[in-house]
Amino acid sequence: MKNRILISLLYNFITKHPFLFCGLIFSVVMSGALSMIVAVCVAPLADYLLDPSLTNANNITKKFILVLNLFRIPIGVLSFSAIFAIGNMLNSLFVILIFYINRSIGYAVLRDLNVEGFRNFLGARWGFFGSLSQGKILNTFQHEIIKVGDAMTSLANQFAISFQLLLIMALPVFLMPLMVGTSILTLGILTVPFLLLQPLNNKLGALNTSTSGRVMELLHETFQGIKIVQGYGRQESSITRYLSAYDDHVKITLKTQVLSTGVSNLHYTIGILAALAGMGVAIANGGALSEIAITLWSLQRAIPLANSMLVNKVNLDNFTGSYEQLQAIYKKANDYKEVIGEKVFEKFEIEIKFESIHFSYPGRPELFKNLNILIPKGEMVAFVGESGSGKSTIVDLILGLQVPTKGKITVDGINFEDWNKNSFREKIGYVPQDPILFHSSIRDNLLWSRENSTEDELWKACQIANADQFIKKLPEGLDTIVGDRGVLLSGGQRQRIALARAILRKPPILILDEATSSLDTESEQLIQESVDSIAKETTIIVIAHRLSTIVKADRIYVMKMGELLEEGSFSELMQKSKGYFASMFEIQRGA
Ligand SMILES: Nc1ncnc2c1ncn2[C@@H]1O[C@H](COP(=O)(O)OP(=O)(O)OP(=O)(O)O)[C@@H](O)[C@H]1O
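The residue count restarts for each chain, going from 1 along the sequence in the order it is written. pLDDT decides what is reported in this predicted model: residues at 70 or higher carry local features, side-chain atom pairs at 80 or more are listed and counted, and totals for whole chains, interfaces and linings draw on all residues regardless. Heavy atoms throughout the structure, all of them, feed into the side-chain values; hydrogens and water do not.

Caption draft 1: Representation of the site of the ligand within the structure. For the ligand, the set of nearby residues contains 13 residues, the closest of which are Ser387, Gly388, Ser392, Thr393 and Gln433. Ser389 has a polar backbone atom sitting 3.1 Å from an oxygen atom of the ligand. Definition of a polar contact: a pair of N or O atoms within 3.5 Å, with one able to donate and the other able to accept a hydrogen when the atoms are protein atoms, and with sequence-neighbouring residues admitted only if both atoms are side-chain atoms. Note that an oxygen atom of the ligand is positioned 3.2 Å from one of the side-chain N or O atoms of His545. For every accessible area listed, the method is Shrake-Rupley and the probe measures 1.4 Å; residues are considered covered only by the protein chains on display. Surface burial for the ligand is 65%, taken as the share of its 630 Å² of free accessible area covered by protein chains. Basically, the charged four are Asp, Glu, Lys and Arg, the nonpolar ten are Ala, Val, Leu, Ile, Met, Phe, Trp, Tyr, Cys and Pro, and anything else, Gly included, counts as polar. Across the shell around the ligand, the residue classes tally to two nonpolar, eight polar and three charged. Neighbouring residues are identified by heavy atoms, a residue being near a molecule or strand if any of them is within 4 Å of it.

Caption draft 2: Highlighting the layout of surface pockets. Grid points spaced at 1 Å over the protein atoms alone were grouped into cavities, where a 1.4 Å probe fits but cannot get out, and pockets, open sets with protein on both sides within 12 Å along at least five of seven lines, with lining residues defined by an atom within 4 Å of a point. Grid points are joined across faces, edges and corners, and a volume is the space filled by probe spheres set on the points. Approximately 2,300 Å³ is the volume found for the largest pocket. The wall of the largest pocket is formed by 47 residues, among which Leu122, Trp126, Leu401, Phe438 and Trp448 lie closest to the centre. Only runs of H or I of at least four residues qualify as helices and only runs of E of at least two qualify as strands under DSSP, and these elements are numbered from the N terminus. The dominant element in the lining of the largest pocket, judged by the number of residues it contributes, is helix 4 (residues 77–122), at five residues. Of the residues assigned to the lining of the largest pocket, the class counts are 21 nonpolar, 13 polar and 13 charged.

Caption draft 3: Geometry of a nonpolar patch on the surface. A cluster of nonpolar side chains, namely Leu185, Ile189, Leu190, Tyr268, Ile272, Leu273 and Leu276, defines an oily patch on the protein surface of about 640 Å² accessible area. Among the secondary structure elements, those contributing two or more residues to the nonpolar patch are helix 7 (177–195) and helix 10 (235–284). Inspection of the secondary structure assignment puts Leu276 in helix 10. By definition, no residue in a patch forms a salt bridge, and every one has over 30% relative accessible area; like charges are joined within 9 Å, nonpolar side chains (Val, Leu, Ile, Met, Phe, Trp, Tyr) within 5 Å. For this document, the term salt bridge refers to a Lys or Arg side-chain nitrogen within 4 Å of an Asp or Glu carboxyl oxygen.

Caption draft 4: Layout of the pattern of salt bridges. Tallied over the entire structure, the rule returns 13 salt bridges. Its salt-bridge partner being Lys16, residue Asp112 comes within 3.9 Å of it at the nearest N-O pair. Of the two residues, Asp112 is situated in helix 4 and Lys16 in helix 1 (residues 2–16); the sequence distance between them amounts to 96 residues. Three labels apply to residues, based on accessible area from a 1.4 Å probe with only protein chains included: buried if under 20% of the type maximum, exposed if over 50%, partly exposed otherwise in between. Judged by relative accessible area, Lys16 falls into the exposed class, the value being 52%. For Arg214, the salt bridge goes to Glu217, with nearest N and O atoms at 3.0 Å. Taken together, the residues span about one helical turn, with Arg214 and Glu217 both in helix 8 (residues 198–224) at a distance of three residues. For Arg214, a relative accessible area of 34% corresponds to the partly exposed category. One connected set of salt bridges, linked through shared partners, spans Arg443, Glu455 and Asp479.

Caption draft 5: Fine view of the pairing of strand 4 (residues 406–411). Two strands pair under a simple rule: DSSP has to find at least two bridges between them. Inspection of the sheet shows strand 1 (residues 351–359) paired to strand 4 by five bridges, in the antiparallel sense. Paired with Lys353 across the strands is Thr410, a residue of strand 4. Across two bridges, the pairing between strand 4 and strand 5 (residues 414–415) is antiparallel. Each residue of the ladder has a partner; that of Val411, found in strand 5, is Ile414.

Caption draft 6: Up close: empty space enclosed by the protein. One pass over the full model with this rule turns up one cavity of 30 Å³ or more. Reported here for the largest cavity is a volume of approximately 50 Å³. Around the largest cavity, the lining residues are Phe194, Leu195, Asn201, Leu310, Lys313, Val314 and Asp317. At four residues, helix 11 (residues 289–317) tops the list of elements feeding residues into the lining of the largest cavity. Residue classes in the lining of the largest cavity are distributed as four nonpolar, one polar and two charged.

Caption draft 7: Highlighting the domain arrangement of the protein. Note that domain bounds follow an automatic or database assignment of domains. For the protein, the assigned domains are domain 1 (2–335) and domain 2 (351–590). Taken over C-alpha atoms, the centre of domain 1 sits 56 Å from the centre of domain 2. Each side of the interface is counted separately: domain 1 has four residues, and domain 2 has five residues. Reported buried area values correspond to the accessible surface (1.4 Å probe) lost by two parts on association, with both partners' losses combined. Both faces considered, domain 1 and domain 2 share a buried interface measuring about 370 Å² in area, 52% of it formed by carbon and sulfur atoms. For the domain 1 face of the interface with domain 2, the top three residues by lost area are Arg125, Trp126 and Gln224, together amounting to 91%. Counting the contacts that link domain 1 with domain 2 gives zero residue pairs in polar contact (both at pLDDT 80 or more). Here the residues of the side of domain 1 that touches domain 2 sort into one nonpolar, two polar and one charged. Whether two residues touch is decided by their heavy atoms; if any such pair falls within 4.5 Å, the residues are in contact.

Caption draft 8: Region of the structure containing the sheet that holds strand 10 (residues 563–568). Here six strands make up an open sheet; going across it, the order is 6-7-8-3-9-10 and the pairing mixed. In this open sheet, the two edge strands, each paired with only one partner strand, are strand 6 (428–431) and strand 10. Each adjacent strand pair in this sheet contributes to an overall mean axis angle of 15 degrees, direction not counted. Relative to strand 8 (residues 539–543), strand 7 (residues 509–513) runs parallel, the two being bridged by five bridges. Each axis is a line fitted through C-alpha atoms, and for a helix only the stretch in contact is used; angles between axes span 0 to 180 degrees, taken between their N-to-C directions.

Caption draft 9: Here's a closer look at helix 12 (residues 320–335). Between its first and last C-alpha atoms helix 12 spans 22 Å; for 16 residues at 1.5 Å apiece the expected length is 22 Å, and the two agree. Listed in full, the buried residues belonging to helix 12 are Thr320, Gly321, Ser322, Tyr323, Gln325, Leu326, Ile329, Tyr330 and Ala333. In a helix, the anticipated span is given by 1.5 Å times the number of residues less one.

Caption draft 10: Examining the environment of Glu566 more closely. Mapped onto the elements of the fold, Glu566 is located in strand 10. Since its relative accessible area comes to 9%, Glu566 is described here as buried. Taking C-alpha positions, Glu566 is 63 Å from Ile105, a pair spaced 461 residues apart along the chain. With residues up to four places along the chain from it excluded, the contact list for Glu566 reads Ile556, Tyr557, Val558, Leu573, Lys576, Gly579, Tyr580 and Phe581. Among the polar contacts listed, one links the side chain of Glu566 to the backbone nitrogen of Tyr580, at a separation of 2.5 Å.

Caption draft 11: Examining the sheet that holds strand 1 more closely. Spatial strand order, 2-1-4-5: four strands in an open sheet with antiparallel pairing. The open sheet terminates on both sides in strands that have one partner only, identified here as strand 2 (368–376) and strand 5. Contacts from helix 13 (residues 391–399) reach strand 1, strand 2 and strand 4 within the one sheet, and its direction differs from that of strand 1 by about 115 degrees.

Caption draft 12: Just the UniProt feature "transmembrane region" (unreviewed entry) in the protein, in detail. UniProt positions are given in the numbering used here, feature names are shortened, and annotations may be inferred rather than shown by experiment. The UniProt record annotates "transmembrane region" (unreviewed entry) at residues 20–46, 73–101 and 165–196. With 100% helix and 0% strand, residues 20–46 has end C-alpha atoms that lie 39 Å from one another. Counting secondary structure, residues 165–196 comes out at 94% helix and 0% strand; the distance between its end C-alpha atoms is 23 Å.

Caption draft 13: Geometry of the packing of aromatic side chains. What counts as a ring pair is set by centres within 6.5 Å for rings of Phe, Tyr and Trp (its six-membered ring), and what kind of pair is set by the plane angle: stacked under 30 degrees, edge-to-face over 60, tilted for all other angles. Evaluation of the coordinates by the stated rule reveals 20 aromatic pairs. Relative to Trp419, the ring of Phe345 lies with its centre 4.9 Å away and its plane at 80 degrees, an arrangement referred to as edge-to-face. On the criterion of sequence distance, the pair formed by Phe345 in the loop between helix 12 and strand 1 and Trp419 in the loop between strand 5 and helix 14 (421–425) is long-range, its members being 74 residues apart. Exposure class is identical for Phe345 and Trp419. Each is buried. Measuring from ring centre to ring centre gives 5.0 Å for Phe438 and Trp448, while their planes differ by 50 degrees; the resulting arrangement is tilted.

Set out below in structure tokens:
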């Protein structure tokens, strides 16, 4: 399973980034070749130390001298040392290059996974976000994707190291097969206990993923709800809850890190033992000193590499938890994938129609049974009814954020699913119940809905939304920063900016979900007049609690527990004796 994942990740990577992969191979080959040259240099140096006249020099030294003669390089300890030093230096440069490419591979994979995650998540229907905690989504981006990127670096490292080892050990294997064989056998036997740690690694990896997810969830939840945490005086309990999750995570992380460092250190010692065992066998068998020196030199380069291989293996063992969580979330996002129709919505011409719509939220009883609604172009259509009766859900269905379980929604006679949803949404100005502003200036928040608006258009939209006066009084006017989600403004000011943002689009359809609920009566009145004035050229869908705000609506739908109770114009509904709407209106008037 794990190998299959790695192979598919590697394959994806090679096809997407062939240059990086070729760069890695080139650097690895160069580094290996240089290691070989450096190892060869050890023989003349060792022979020179034994006998500076080099009369009884080893075969390798003799061949080395022949090559130097070919290039007219003077023979002596200076040239031997210089070649040895330059070879080492060049090799170090290639090792740095390998490190750079390995990290680049990790970051390239990270970037691909981030893009894939973003596309998946933003392409999912609204329901997907309700099915997951935001902490989990953040954790996916901040931790799990990084772990998978690290695993790819480890994999690239594994590949590079295997190749380097092969080249570094080629000469010693040829010269001293017994010494190398003994060392490898000793190392292999002593490594077995380390390999038995794999199940523990897998378990720690999965625990690390879940505990870090919990930490992120609590962090996010606390700061999202900071007002209520402080308002209820629950700071201490929030800290305790957070610390408990944090401690759980630290415990697991510590275990993982100790294991990784422990493996690395113990294995290094074992590597030295293996080299000594090999050397012992070589000396016992009368091996030439210069050849033993070459092999020892190569082994001292190979042992840390073999050690890194084991550490990489630990990383590769515990990345599966992260990868599986990533895939599970991606799959979920994919299950919720929005169907994007092909027809581009250019102009709203006729109507929006709900035909026998059934709808239920997952795991909840059916909310709408056979709901029929008509929103003709140019009308102001209002939805009223008690809390929880389904008004906002109707808006979500119009926006395509939710999908009916049965029945058909059509726009201009065409099934909603056949429209390219974003082209339809681009024609909508939407002010949700809780108007979200981004942590930026008022200007940026407005321009977000229509980027190329002029200064005049910005102020005009603010004027219609009755926001111009208060914005002018702010020290930095349109450039005032609104704070995270708009916390530096009052609820009513936030609503007015959200309304201006919607109006700026000059949308043919304007959806106002309780858009004036936080305003004082006078501001509401002013906005009401503005909305009435744009109603002539705009289709307006409004959800209202204050029934006095929909007196001019052409059509009012009265909802109760997902059911359509009454329908008609304001005067028609008021004329119904014992009508639900009329009695609601009377109650509000009396209040
Ligand atoms: N994401 C959701 N998952 C499950 N049930 C939901 C979800 N959103 C809303 N509901 C339920 O659907 C019903 C209708 O909710 P909706 O928000 O559409 O009502 P509403 O009329 O707009 O209420 P209000 O006036 O309070 O905003 C409620 O019973 C609510 O609990």
